[in-house]
Amino acid sequence: MKSTITWVGDRTFTGQTETGHSIVIGTAHDGGAKPGPSAMELVLMGAGSCSAWDVVDILQKGRQPVDDVIVQLDADRAPEPPKVFTRIHLHFVVKGRGLSEAKVERAINLSVEKYCSATAMLEKTATVTHDYEIVDTSA
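To keep things clear, this report deals only with the structure shown in the data block. (Residues numbered from 1 in each chain as written. Predicted model: local features only at pLDDT ≥ 70, side-chain atom pairs only at ≥ 80, totals over all residues. Heavy atoms only, no water.)

Considering the nonpolar core
Note the cut-off: Residues belong to a common nonpolar core when they are buried Ala, Val, Leu, Ile, Met, Phe, Trp, Tyr or Cys residues joined through side-chain atoms within 4.5 Å. With a 1.4 Å probe rolled over the protein chains alone, any residue whose accessible area is under 20% of its type maximum counts as buried; one over 50% counts as exposed, and the rest are partly exposed. A run of H or I in DSSP counts as a helix once it spans at least four residues, and a run of E counts as a strand once it spans at least two, with each numbered from the N terminus. Residue contacts follow a heavy-atom distance rule, with two residues in contact if any of their heavy atoms lie within 4.5 Å.
V55, L59, V69, I88, F92, V94 and I108 are the most contacted members of the largest nonpolar core, which totals 25 residues. When contributions to this core are tallied by element, the ones reaching two or more residues are helix 1 (39–61), strand 4 (66–77), strand 5 (85–96), helix 2 (101–115) and helix 3 (117–122). Excluding residues that lie within four positions of it along the chain, V69 makes contacts with A52, V55, V56, F92, V93 and V94.

Next comes the structure, spelled out in structure tokens:
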């Protein structure tokens, strides 16, 4: 896996993946507007998207009628550099028609505790917790 980060001015960078996808990355400088997510926001979103992907994949393989998976993340960082994450909580909102609660819980646990490489790396510095809610969309 490869990517390239290019400085475009001020505190703004572009990131490009080897597959051709691009994103603007940046932080506010002197109270200015943020041009895009910061590197640490991207790390947090990476953990959420990695785990969401796993949950969708596991539920679909289990023939569960999943319509949507949303992961809401809440995190704390250390006050001193390198300001690593110290706490991350993932709240899963899983939507579908007549989903099995046992299968949803199993999919989330497998993702967070086994399959998601992003949360596995972040667990080296952060306490990672999770919970979930199921929204039945059959009505």
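Overview of the sheet that holds strand 4
Keep this limit in mind: Strand pairing is assigned whenever DSSP detects at least two bridges linking the two strands. Every axis corresponds to a line fitted to the C-alpha atoms, with the helix fit spanning only the stretch in contact, and the corresponding angles, defined between N-to-C directions, vary from 0 to 180 degrees.
Strand order in this open sheet of three strands is 4-5-6, and the pairing throughout is mixed. Edge positions in the sheet fall to strand 4 and strand 6 (127–136), since each of these pairs with one other strand and no more. Sheet twist, expressed as the mean angle between neighbouring strand axes with direction ignored, is 15°. Pairing analysis gives ten bridges linking strand 5 to strand 6, with the strands arranged parallel.

Observations regarding the pattern of salt bridges
We apply this condition: Note on definitions: salt bridges are taken to be side-chain nitrogens of Lys or Arg within 4 Å of carboxyl oxygens of Asp or Glu.
Applying the stated criterion to the full structure yields five salt bridges. Its salt-bridge partner being R97, residue D67 comes within 2.2 Å of it at the nearest N-O pair. Taken as a pair, D67 in strand 4 and R97 in the loop between strand 5 and helix 2 lie far apart in primary sequence, 30 residues in all. Its relative accessible area of 40% is what places R97 among the partly exposed residues.

Read these as spatial facts, not as claims about activity.
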